[in-house]
Amino acid sequence: MSTINPVAQRFESELAELATLVDSDRPGWTRRALSEFDIAGRDYALTLMKHAGLATRVDGAGNVIGVLPGRLGGREIMLGSHTDTVDGGGRFDGITGVLGAIEVVRLLRENDVRLDHDLVVVVFFNEEPNDFGFFCVGSRAMTGLVDRTTLTATDTDGRSLAEALPDSGIDPEAFLDARYDFSKVTAFLELHIEQGPELERMGKQIGVVEAITGINHFKALFTGRQDHAGTTPMDVRADAGCAAAGTVLAVESIAESGTNTRGTSGQIQFTPEAVNVVSANASVEGEFRGPDGSWLQEAQRRLTDAASQNADKRGVHVEMEWTTDDAPVPLHEPITSTIAEVATDLGHTRATMFSGAGHDAGIIAAKTQVGMIFVPSRDGRSHCPEEFTELADILPGIEVLLETVLRLDGV
Ligand code: GLV
Ligand code: MN
Ligand code: MN
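Okay, so let's go over this structure. The structure presented is a predicted model; accordingly, all values stated were derived computationally and were not measured.

Attention now goes to unusual backbone geometry. Omega for the peptide link from T271 to P272 comes to -10°, which places this bond in the cis form. The omega torsion of the bond from E333 to P334 falls at 0°, within 30 degrees of zero and hence cis. By the secondary structure assignment, P334 is in the loop between β13 (329-330) and α11 (335-345). Non-glycine residue D112 carries a positive phi angle of around 55°. Structurally, D112 can be placed in the loop between α3 (95-110) and β4 (118-124). One non-glycine residue with positive phi stands out, namely N260, at about 55°. Tracing the chain through its elements places N260 in the loop between α9 (240-255) and β9 (262-271).

This is the structure in structure tokens:
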């Protein structure tokens, strides 16, 4: 089947439309989950899905689900990605896979191709980390990985997730009950931008993902004593800020100790925030990533120890919480080899890749066979306003997605 220029036009105009559904008070293209902008983004995707001919619904966890019925019924191929962004993010992360999946539906219908499988398109709710310490929230709900303790998690204002969800039209009880029946799903595919520099560096068009990084998120809360910055001698302070700062540096040094491992302290807060006051409280939120599950477990132990040492030597109390603990996920044969064959058959250059970014595909992989298709990111930039992929680089990804669906349908 040949894909082509209406695809480019539609993709470009839909990308541009989604780029208007953002918080204009924030830098870049900001559409954070649990915001009104995220609701608008998922609504827009829902409208596109309806117009593409899908039977749509929104599940109890805010996932937008569209179905193109197949000839046989009872078996499904699922495609999906997300429309939420990080604060100050770009236009392509997640969105490429959502628009690409909807495009596959249109191309099938325009070419009068009826699959045997039902084709299910999912726009997952809340893929990026939220203020409650969770990410890939919609896919976790679909796979049964949320429970009542998820709902009791709080943000820095002390608001619980259970209190926040209704503002996005999500009933907490329905959220807990949003499991999807994956017994019918024979494969899940996610098209995504690479978000790193490898494809561009290698001059390849398509990345065939063989594994997705493990990710451990932590929250460290330090409680010290608020004091006068000028009169309190250094040796009697209980400076929560210094304990937090030592922990940030420990994240960096632990991450430097592994192979292809990463450590980031992306959020830090001192209270009170005053130049002449010793911090009473401090919080650090961050994460480790890597391809090796045992290294990640070791990194957790080392950081928990480092946070305690940094606190103890200053008379500060620390509470360390690991909010997510996701092992690395190998993706599945024969899906990955089908993607590779398709790329070659369509004349696209390809490389096998490891994903240092997390994806809903990594959560869904516990339930069905999963493959991911990457397209290049300019200068490897992502999670920033400069994130960019040429349309000419996205179209091969959509072609590979479509052809992979056709081949998997025939299996
Ligand atoms: C998701 O984008 C992640 O890798 O954090
Ligand atoms: Mn992202
Ligand atoms: Mn993403």
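As a further point, take the coordination of the manganese ion (ligand 2). Around the manganese ion (ligand 2), the protein contributes the donor atoms D93 (OD), E128 (OE) and H383 (NE2), at 2.0 to 2.1 Å from the metal centre. In primary sequence terms, the donor set of the manganese ion (ligand 2) follows D-x34-E-x254-H. Between the manganese ion (ligand 2) and the manganese ion (ligand 3) the interatomic distance amounts to 3.7 Å, and D93 serves as a bridging ligand to the pair. In this pair, D93 is assigned in the loop between β3 (76-82) and α3 and H383 in the loop between β15 (370-375) and α13 (391-409), connecting sequence segments 290 residues apart. With relative accessibility at 5%, the residue D93 sits in the buried group.

Turning our eyes to something else, we now look at the packing of aromatic side chains. Within the structure shown, the criterion is met by 6 aromatic pairs. Through a chain of ring-to-ring contacts, three or more aromatic side chains come together here, namely F218, F288, W295 and W322. The residue whose ring lies beneath R91 is W29, and the NZ or CZ to ring-centre distance is 4.4 Å. Taking the ring centre of F135 as reference, the NZ or CZ of R140 above it sits at 4.8 Å.

This brings us to the side chain of S81. Take S81: it is sitting in strand β3. With relative accessibility at 0%, the residue S81 sits in the buried group. Residues contacting S81, with those up to four places away along its chain left out, are G94, G97, V98, V122, V123, F124, E190, L191, H192 and D360.

Let's shift gears to the state of the cysteines. With the rule as written, the count across this model stands at 0 disulfides. The thiol of C384 is not disulfide-bonded; the next cysteine sulfur, from C136, is found 19 Å away. In this structure C384 comes out as buried when scored by relative accessible area, which is 9%.

Bringing the pairing of strand β7 (residues 214-223) into the picture now. Here β7 lies mainly inside the structure; 8 of its 10 residues are buried. Inspection of the sheet shows β7 paired to strand β11 (residues 281-290) by 10 bridges, in the antiparallel sense. Within the sheet, the bridge partner assigned to H217 lies in β11 and is E287. Alignment of β7 against strand β12 (residues 317-326), held across 9 bridges, turns out to be antiparallel. From the neighbouring strand, T223 faces β12, where its bridge partner is H317.

Cut-offs and rules
Residues numbered from 1 in each chain as written. Chains lettered and ligands numbered in written order. Predicted model: local features only at pLDDT ≥ 70, side-chain atom pairs only at ≥ 80, totals over all residues. Heavy atoms only, no water. Helix = DSSP H or I, 4+ residues; strand = E, 2+ residues; numbered from the N terminus. Donors = N, O, S within 2.8 Å, 3.2 Å for Na, K, Ca; no water. Buried < 20%, exposed > 50% of the residue type's maximum accessible area, 1.4 Å probe, protein only. Phe/Tyr/Trp six-rings, centres within 6.5 Å; stacked < 30°, edge-to-face > 60°. Lys NZ or Arg CZ within 6 Å of the ring centre and 35° of its normal. Contact = heavy atoms within 4.5 Å. Disulfide = S-S within 2.5 Å. Pairing = 2+ DSSP bridges.

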